[in-house]
Each structure stands twice: as C-alpha cells, then as structure tokens.
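Spelled out from the first residue to the last, the chains are:
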Amino acid sequence: MIKSLLTIAMLNLLTVPFNAQQHDDKIFHYSSMDAMRNGVYTGDITVKDAKQKGNFGLGTYNLLDGELIALDGNIYRIASDGSVETADLKRLIPFGSFTFFKKDQSIELQGVRNIADLQKKLIELLPSPNRFYAVKIEASFRSISLGGAEKVNETDTRGIAYFMKSRPVYQKENVKGTLIGFYNPPYAGGLDLTPFHFHFLSDEKSVGGHLIEGIPSDLKITVELDEKNAYEVILPNSNEAGYQRKWSSSEAKAQY
C-alpha cells in the first residue's frame, strides 16, 4: 500500500477557492532525494502507476537501473549504455516527480551560453522563487553532457553521491530535443535537487539522460513554465527497510 505522508499546498486564497483547485494542478513526488542520499533505491510504484500521475516528469528505476523520463504521456528508460527504450509498465520506481504539464507562460532567455547561464537567467525571471514549477525547454545543443545510471546490488546502501562519481556519461553533439525538469525552491532540498532537476530526451528518442552540461546552438531560448500550487509527497510502503534506517539528513540544523 502506498501512503501519502505530506501535501505541501501553496494556494492563493484571495483569487482561487480551495475547492476550485484542479485535481491535476500539482506535482506528484515519490520518495525523497534524502532517501537516495541514504542509499534507498527501491520503491513500490510501477511505471503504470506513474502514468496515472502525470504526462511529464523524471526519476529513476529500482536499484538505479536506468534514468527515467516522462514526456507527452510516454515513459522512457535510459539504459546504462545510453540507449532509450519505452519502459515496461511493470518496472518499479524508487524516486520520481510527475505532473500533467499545462503551460502557464513562456519566458524568453537571451544570451544563453551554457546550462549554468540558463539556470541563472531563469531564476532571475521566475514569477516567484518560492513556488514550484514544471519546466519544459525545446532546444538544440552544439554539445551536451548527459548522465546515466547503472544498476546497483540490492544490498548496497551507499548514498547516491558515491555512485554518481562513476556514473555513465554520454557526450553528444548537434542534437535537438527537450529538457524535462522542475524548479524546486530552496526549502525543498530534502525532497529533490534544488534549484533545478533536468533530464533530456532527443527528438529521435535515441539520446537521453540526466542533464550535466550543455552548449545551446542558439543564444535565445524559450522556456515554458507550469506553476504548481500543490506538491504531493508519497512515501514507499511502511515495510521499506531503507526508510527504517537512521539517515543523515540535509535538514538545516537550527532551533526556533
């Protein structure tokens, strides 16, 4: 059984009544980045389950057996060799974010020279740095660096940072595709990467992975934003052993 632990709702009550919020106007987030940081690599939702939660998103598969990309209602698996396949509906997911993407607005970024530049300019133009956004960018890249994932042993509980040191990296040139990602405010750092988490999928569905670096072919890039008013967190089954261990948390150590 999947149990809901937390729903973070940021509602503009002056203009939108609570009961008028659309059911799918939220981000569905499964497990947490802190779980991955503490070696929890198994979950109990399937690709079929995830497709009911959104047509856009990202994540990984149980035991880090490939990167996950959801785009236009399809869910793909990027294998450790960099190949792209449609994911089996029965595959299990330990971590992921999904939503039904509905563009609220477009932002045009000028003079974008690399990914760090893109992120910096986008943060400066976000309507609010304290809200969640699904971010979709269709762009061409002169070069792009993408990270993959390799399956780990089911008994291995070393944190995700350890495996990222030796992760597969795919270098591609002159490729066009879509960046699928989320802007997560600083206070959500225990749940996901902040400020951005991006995956990339080429138009031909032949190249994909976690975005590491890239040089766009065009200095002008149009970004589509979908602001989300709710963030639903679902945790794995309460019998998940990884969630019973004591973790080292990213939570700020402070008293109020």
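By the naming in an unreviewed UniProt entry, the protein goes by Alpha-acetolactate decarboxylase and is assigned to Chryseobacterium vrystaatense. Quoted verbatim from the Pathway (unreviewed entry) heading of the UniProt record, the comment on the protein is "Polyol metabolism; (R,R)-butane-2,3-diol biosynthesis; (R,R)-butane-2,3-diol from pyruvate: step 2/3." For the protein, the Sequence similarities (unreviewed entry) comment in UniProt is given as "Belongs to the alpha-acetolactate decarboxylase family."

**Notes on helix α3 (residues 115-125)**
Listed as buried for α3 are I115, D117, L118 and L122. The buried side chains of α3 occupy one side of the element, clustering within an arc of 155° when seen end-on. Exposed side of α3, more than 90 degrees from the buried face: A116, K120 and E124 are the residues found there. Each element contacted by the buried residues of α3 is listed here: β10 (105-109), β11 (132-147), β13 (196-202), β14 (208-216) and β15 (221-228). Its side-chain oxygen 3.3 Å from the backbone nitrogen of A116, N114 forms the N-cap of α3.

**What to know about the environment of F141**
Following the sequence through the fold, F141 ends up in strand β11. Overall, the relative accessible area of 1% leaves F141 in the buried class.

**Considering the nonpolar core**
One finds L122, V135, I137, F141, V223 and L225 to be the most contacted residues of the largest nonpolar core, which totals 45 residues. With nine residues, the single largest contributor to this core is β11. Once residues within four sequence positions are removed from consideration, V135 is found in contact with F56, F101, L122, L179, I180, G181, F182, Y183, F198, V223, E224 and L225.

**Comments concerning the packing of aromatic side chains**
Going through the model one piece at a time under the given rule, you end up with eleven aromatic pairs. Three or more aromatic residues link up through ring pairs in this structure, and these residues are Y133, Y183, F196 and F198. A cation over an aromatic ring shows up here: R91 above the ring of Y61, its NZ or CZ 5.7 Å from the ring centre. Looking at K136, its charged tip hangs above the ring of F101, at a distance of 5.8 Å from the centre.

**As for unusual backbone geometry**
With an omega of 0°, the peptide bond between T194 and P195 qualifies as cis. Structurally, the position occupied by P195 is in the loop between β12 (169-183) and β13. Residue N174 is not a glycine yet carries a positive backbone phi of 50°. Its place among the elements puts N174 in strand β12. We classify N174 as exposed; its relative accessible area is 65%. Residue K205 is not a glycine yet carries a positive backbone phi of 60°. Along the chain, K205 turns up in the loop between β13 and β14.

**Section: the pattern of salt bridges**
All told, the structure shown has 13 salt bridges when counted by the stated rule. Linking E67 and R167 is a salt bridge whose minimum nitrogen-to-oxygen distance equals 2.6 Å. Taken together, the residues E67 in strand β5 (residues 67-71) and R167 in the loop between α4 (160-164) and β12 connect sequence positions 100 residues apart. For E67, a relative accessible area of 6% corresponds to the buried category. A single salt-bridge network, built from bridges that share partners, covers D65, R77, E85 and R91.

Rules used in this analysis
- Residues numbered from 1 in each chain as written.
- Predicted model: local features only at pLDDT ≥ 70, side-chain atom pairs only at ≥ 80, totals over all residues.
- Heavy atoms only, no water.
- UniProt positions renumbered as here; feature names shortened; annotations may be inferred.
- Buried < 20%, exposed > 50% of the residue type's maximum accessible area, 1.4 Å probe, protein only.
- Helix = DSSP H or I, 4+ residues; strand = E, 2+ residues; numbered from the N terminus.
- Arc of directions from axis to C-beta.
- Contact = heavy atoms within 4.5 Å.
- Polar contact = N/O pair within 3.5 Å; in protein donor to acceptor, adjacent residues only side chain to side chain.
- Core = buried A, V, L, I, M, F, W, Y, C linked by side-chain atoms within 4.5 Å.
- Phe/Tyr/Trp six-rings, centres within 6.5 Å; stacked < 30°, edge-to-face > 60°.
- Lys NZ or Arg CZ within 6 Å of the ring centre and 35° of its normal.
- Salt bridge = Lys/Arg side-chain N within 4 Å of Asp/Glu carboxyl O.

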